[in-house]
Amino acid sequence: MLSRIGNSLFWMGRYIERAEHIARYTRVQYVSSVDAPLGQNRELILESILDMAGSKDAYFGVHEKLEDDKVIDFISISESNQFSILSYIGRIRENARGSRDSISIELWEAINRFYHKVNELMTAEMPAEEIEFFARRIEENSYITKGYIENTLLHNDVWMLISLGMHLERAIQVIRILQTKLDDIEKFEEMKQGSALENYQWSTTLKSTEAFDMFMRCHKTSPTRSHVIDFLLFDTQFPKSVAYSMEWIKKCIEGISFQQEESRKESLEFMAGKLACRFQYLTIEEVEDRAPQFLQRTLDNIYEIASLLDVKYLKYH
């Protein structure tokens, strides 16, 4: 397979997951701030949304202060934000176009419909109250697209490269959500030490990853910091957990026909296998006291795998 085609397939998978996670996090966090029974700080939530999306510096480059409509518009459709959700939908379509001969016509048509449906929702500016409707359309169409990936492609290198991109980006986004929520809680004293407000933050974290229902079935107790981090990092049966994604990253890399590496220790297969194994045998008790450091180290390791993949196999310029 040409590096150009592989690059398009890999990034198509990554942008699908990224758009979906940013849309869901923005919707859940903003709506929860409107309905919150405990008087959540609205500015904290707006800042949290920008932090999770990695758009805080860019936002304050064009706006002076945090305002509901401006933050939601910037994250969702603003042309002044090159990393808006709308921009990611455009990149999904461009990468699908770049690999058009490798994917099914059904998948291409689904992505094309996704692109046009989202663009039909565009207005000059998006008011904050529209985020529920907008984000739901992103999430629904993302799942439709992933259904076509799963059910209309041969499960060969093409499918594995898209899946590799999806699982790699899913692990990144879940870690970013956990990092953002830990930072949010750290900013306010009243959120710390197992308070009701802290537990509410962990409930919205679970809902931001569509994990609340399965968490309650497993733990049968109110979400706490320890239980939520444990579930989202280490539960090998939950498909949004980092451990689950790491196992799939390993399987995809093992399954793709990369050329043999000169050194085993520098190979993608070795790095992905080592990281996946670490997640299989770690426990929450070993990382809870140093959760921020552990999350950043894991994120760095995943970025290292992505960078090596890009440099060795996907770079074509």
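Named according to an unreviewed UniProt entry, the chain is DUF403 domain-containing protein originating from Rufibacter tibetensis.

Draft legend 1. Here's a closer look at the overall build of the chain. Check the secondary structure of the chain and you find 15 helices and zero strands. Whereas a compact globule of 317 residues would reach a radius of gyration of roughly 20 Å, the chain reaches 20 Å, a difference of no more than 12%. Relative to its 317 residues, the chain shows a buried fraction of 53%. Counted over contacts in the chain with a minimum sequence separation of 6, partners at least 24 positions apart contribute 68%. Of the accessible surface of the chain, which amounts to about 14700 Å², a share of 48% is contributed by carbon and sulfur atoms. Computed over 38 positive and 50 negative side-chain charges, the separation of the two mean positions in the chain equals 3 Å.

Draft legend 2. Main features of the pattern of salt bridges. Per the stated rule, a full pass over the model turns up 23 salt bridges. A salt bridge links arginine 18 to glutamate 169, with the nearest nitrogen and oxygen atoms 2.9 Å apart. With arginine 18 in helix H1 (residues 3-35) and glutamate 169 in helix H8 (residues 157-187), this residue pair connects regions lying 151 residues apart in the sequence. Judged by its relative accessible area of 15%, arginine 18 falls in the buried class. A salt bridge links lysine 56 to aspartate 51, with the shortest nitrogen-to-oxygen separation between them at 4.0 Å. Judged by its relative accessible area of 25%, lysine 56 is partly exposed. One continuous salt-bridge network, built from bridges that share partners, spans Glu17, Glu20, Arg24, Arg27, Glu139, Lys146, Arg170, Glu210 and Lys240.

Draft legend 3. Quick peek at the side chain of serine 48. Mapped onto the elements, serine 48 comes out in helix H2 (residues 42-53). In this structure serine 48 comes out as buried when scored by relative accessible area, which is 0%. With residues near it in sequence (within four places) discarded, serine 48 still touches Tyr25, Thr180, Lys181 and Asp184.

Draft legend 4. View of H2. When the terminal C-alpha atoms of H2 are compared, their 17 Å separation across twelve residues agrees well with the 16 Å that a helix rising 1.5 Å per residue should span. Leu44, Ile45, Leu46, Ser48, Ile49, Leu50, Met52 and Ala53 are the residues of H2 that are buried. The inward-facing, buried residues of H2 contact H1, helix H3 (56-62), helix H4 (68-76) and H8. Just beyond H2, the residue with positive phi is glycine 54, at close to 70°.

Draft legend 5. Structural context of a negative patch on the surface. Among the surface-exposed residues, Asp69, Glu125, Glu129 and Glu130 lie close enough to one another that they form a single negatively charged patch. With respect to the element layout, aspartate 69 can be found in helix H4.

Draft legend 6. Representation of the packing of aromatic side chains within the structure. Summed over all chains, the structure comprises eleven aromatic pairs. Aromatic pair phenylalanine 10 and tryptophan 11: ring centres 5.9 Å apart, planes at 80°, arrangement edge-to-face. Relative accessible area serves as the criterion here: at 2%, phenylalanine 10 is assigned to the buried category. Here the aromatic rings of phenylalanine 234 and phenylalanine 279 are separated by 5.6 Å at their centres, their planes lie at 40°, and the arrangement is tilted. Linking phenylalanine 234 in helix H11 (residues 225-234) with phenylalanine 279 in helix H13 (residues 268-281), this pair joins segments that are 45 residues apart in sequence.

Draft legend 7. Spotlight on the environment of leucine 197. If you trace the backbone, leucine 197 turns up in helix H9 (residues 196-208). It is 9.1 Å that separates the C-alpha atoms of leucine 197 and isoleucine 185, two residues lying twelve residues apart in sequence.

Draft legend 8. Structural context of the packing of H8 against helix H12 (residues 242-255). The interhelical angle for the contact between H8 and H12, taken along N-to-C directions, is 155°, at an axis separation of 9 Å. When the axes of H8 and H12 are compared, the pair comes out roughly antiparallel. Between H8 and H12 lies a crossing of left-handed hand. Residue-level inspection shows Asp157, Trp159, Met160, Ser163, Leu164, His167, Leu168, Arg170, Ala171, Val174 and Ile175 of H8 in contact with H12, the latter providing Val242, Tyr244, Ser245, Trp248, Ile249, Cys252, Ile253 and Gly255.

Draft legend 9. Broad picture of the environment of leucine 121. Along the chain, leucine 121 falls in the loop between helix H6 (105-120) and helix H7 (131-152). Between the C-alpha atom of leucine 121 and that of phenylalanine 134, which follows or precedes it by 13 residues, the distance is 7.4 Å.

Draft legend 10. Just the nonpolar core, in detail. By size, the foremost hydrophobic cluster in this structure holds 98 residues, and its most contacted members are Met12, Ile138, Leu232, Leu233 and Phe279. If you tally residues by element for this core, the top one is H8, at 16 residues. Discounting chain neighbours no more than four positions away, the residues touching leucine 232 are Val174, Leu178, Thr205, Leu206, Thr209, Ala211, Phe238, Lys240, Ser241 and Val242.

Parameters at a glance
- Residues numbered from 1 in each chain as written.
- Predicted model: local features only at pLDDT ≥ 70, side-chain atom pairs only at ≥ 80, totals over all residues.
- Heavy atoms only, no water.
- Helix = DSSP H or I, 4+ residues; strand = E, 2+ residues; numbered from the N terminus.
- Rg over C-alpha atoms; globule rule 2.2 N^0.38 Å.
- Buried < 20%, exposed > 50% of the residue type's maximum accessible area, 1.4 Å probe, protein only.
- Contact = heavy atoms within 4.5 Å.
- Areas by Shrake-Rupley, 256 points an atom, 1.4 Å probe, with all protein chains shown as cover.
- Lys, Arg positive; Asp, Glu negative; His and termini not counted.
- Charge placed at Lys NZ, Arg CZ, Asp CG, Glu CD.
- Salt bridge = Lys/Arg side-chain N within 4 Å of Asp/Glu carboxyl O.
- Expected span 1.5 Å × (residues − 1).
- Patch = residues over 30% accessible without salt bridge, like charges linked within 9 Å, V, L, I, M, F, W, Y side chains within 5 Å.
- Phe/Tyr/Trp six-rings, centres within 6.5 Å; stacked < 30°, edge-to-face > 60°.
- Axes fitted to C-alpha atoms, helices over the stretch in contact; angles between N-to-C directions.
- Parallel < 35°, antiparallel > 145°, perpendicular 65-115°, else oblique.
- Left-handed = near helix turned anticlockwise from the far one by under 90°.
- Core = buried A, V, L, I, M, F, W, Y, C linked by side-chain atoms within 4.5 Å.

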